[in-house]
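Overview (structure and organization)
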Amino acid sequence: MSLSTSKRNFLFARISARNPVRPPWALKESEFIDLCTRCDECEKQCPVNVIRIGDGGYPEIDFSNSGCDFCQVCVDVCKSGALSHQQPQAFNLVASIDDSCFSERGVICRSCAEVCDKGAISFKQVVGGISHLIMNTKSCNGCGECVSICPATAIKIEHRSDTEKAG
Ligand code: SF4
Ligand code: SF4
Ligand code: SF4
């Protein structure tokens, strides 16, 4: 469904303020909004249900129940070019962990590290027997697998700055 220029500009301004996470291999936000036809195919076909339909009918990533497997099914079914195999990386995202993390309070928990295929999360023993969580942001690919597994809901996935890339 195509949009008038004024409606497109209004939608773009409103959505940009929220800065949602688009499905992997999405073009930059302004180009994504121009190209995405809101056909919902990426949302319907994602095998792990990590895509939902968000503001304005555009697909967004929601890591609250699962992470992205990088299977590329969403890109394969996207006929508009809004998701493209030509993009250099799937996401420019990074996990951040706040101080509600159990390990910061002396409770043994390694759930996030156990699901992180990139080895981005490790623990360092500090004085008093408490383990301090170490996040290697360069290794994090923003897959979001650690989000729903965290019993303390301490993990958020955030946009990296435009110049910062995952290693
Ligand atoms: S790459 Fe696969 S798991 Fe990730 S959002 Fe696309 S369809 Fe879903
Ligand atoms: S498959 Fe492509 S065009 Fe369709 S909703 Fe998803 S991103 Fe938009
Ligand atoms: S988002 Fe993925 S890569 Fe990054 S820390 Fe979490 S599980 Fe590891």
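See above for the structure.
The following paragraphs examine the structure supplied in this document. In this text the structure is predicted, and so the values were computed from the model without any measurement. (Residues numbered from 1 in each chain as written. Chains lettered and ligands numbered in written order. Predicted model: local features only at pLDDT ≥ 70, side-chain atom pairs only at ≥ 80, totals over all residues. Heavy atoms only, no water.)

Some remarks on the site of ligand 3
- Taken together, 13 residues lie near ligand 3, and Cys116, Cys140, Asn141, Cys143 and Cys146 sit nearest.
- Of the residues belonging to the shell around ligand 3, the class tally is nine nonpolar, three polar and one charged. (Near = heavy atom within 4 Å. Nonpolar A, V, L, I, M, F, W, Y, C, P; charged D, E, K, R; others polar.)

Topic: the pairing of strand S4 (residues 121-125)
- Direction of pairing for S4 relative to strand S5 (residues 131-135): antiparallel, over a ladder of five bridges. Bridge pairing links Ile121 to Met135 in S5.
- Taking the residues between adjacent antiparallel strands as the criterion, S4 and S5 are bridged by five residues, where Gly128 takes a positive phi near 95°. (Pairing = 2+ DSSP bridges. Helix = DSSP H or I, 4+ residues; strand = E, 2+ residues; numbered from the N terminus.)

Thoughts on the packing of aromatic side chains
- Applying the stated criterion across every chain yields a total of four aromatic pairs.
- Seen in terms of ring centroids, Trp25 and Phe70 are 6.1 Å apart; in terms of plane orientation they differ by 80°. Their pairing is edge-to-face. On the criterion of sequence distance, the pair formed by Trp25 in the loop between helix H1 (5-18) and helix H2 (29-35) and Phe70 in the loop between strand S2 (59-61) and helix H4 (73-77) is long-range, its members being 45 residues apart.
- Among the residues examined, Phe70 registers a relative accessible area of 23% and is labelled partly exposed.
- Measuring from centroid to centroid gives 6.1 Å for Phe63 and Phe91, while their planes differ by 75°, and the two rings are edge-to-face. Of the two residues, Phe63 sits in the loop between S2 and H4 while Phe91 sits in the loop between H4 and strand S3 (93-97), which places them 28 residues apart along the sequence.
- A relative accessible area of 8% means that Phe63 is categorised as buried.
- Owing to a relative accessible area of 7%, Phe91 belongs among the buried residues under this scheme.
- Taken together, the ring pairs in this structure connect Trp25, Phe63, Phe70 and Phe91 into an aromatic cluster.
- Geometry around Tyr58 places Arg38 over its ring, the cationic atom sitting 5.1 Å from the centre.
- The ring of Phe123 has Arg110 lying over it, and the distance from NZ or CZ to the ring centre is 4.1 Å. (Phe/Tyr/Trp six-rings, centres within 6.5 Å; stacked < 30°, edge-to-face > 60°. Buried < 20%, exposed > 50% of the residue type's maximum accessible area, 1.4 Å probe, protein only. Lys NZ or Arg CZ within 6 Å of the ring centre and 35° of its normal.)

As for the nonpolar core
- If you look at the biggest cluster of nonpolar residues, it comprises 40 residues, and the most contacted ones within it are Phe32, Phe63, Leu83 and Phe91.
- Among the elements that line this core, the one with the most residues is S3, at three residues.
- Taken domain by domain, this core gets at least three of its residues from each of domain 1 (5-77) and domain 2 (93-159).
- If we ignore the near neighbours within four places in the chain, the residues touching Leu83 are Pro23, Pro24, Trp25, Ala26, Phe32, Cys42, Cys74, Val75 and Cys78. (Core = buried A, V, L, I, M, F, W, Y, C linked by side-chain atoms within 4.5 Å. Domains from an automatic or database assignment. Contact = heavy atoms within 4.5 Å.)

What about unusual backbone geometry?
- Even without glycine at this site, Asn19 takes up a positive phi of about 55°.
- Secondary-structure assignment places Asn19 in the loop between H1 and H2.
- The class of Asn19 is partly exposed, set by a relative accessible area of 44%.
- The backbone of Asp40 sits at a positive phi, close to 75°, despite the residue not being glycine.
- You can see Asp40 is positioned in the loop between H2 and helix H3 (41-45).

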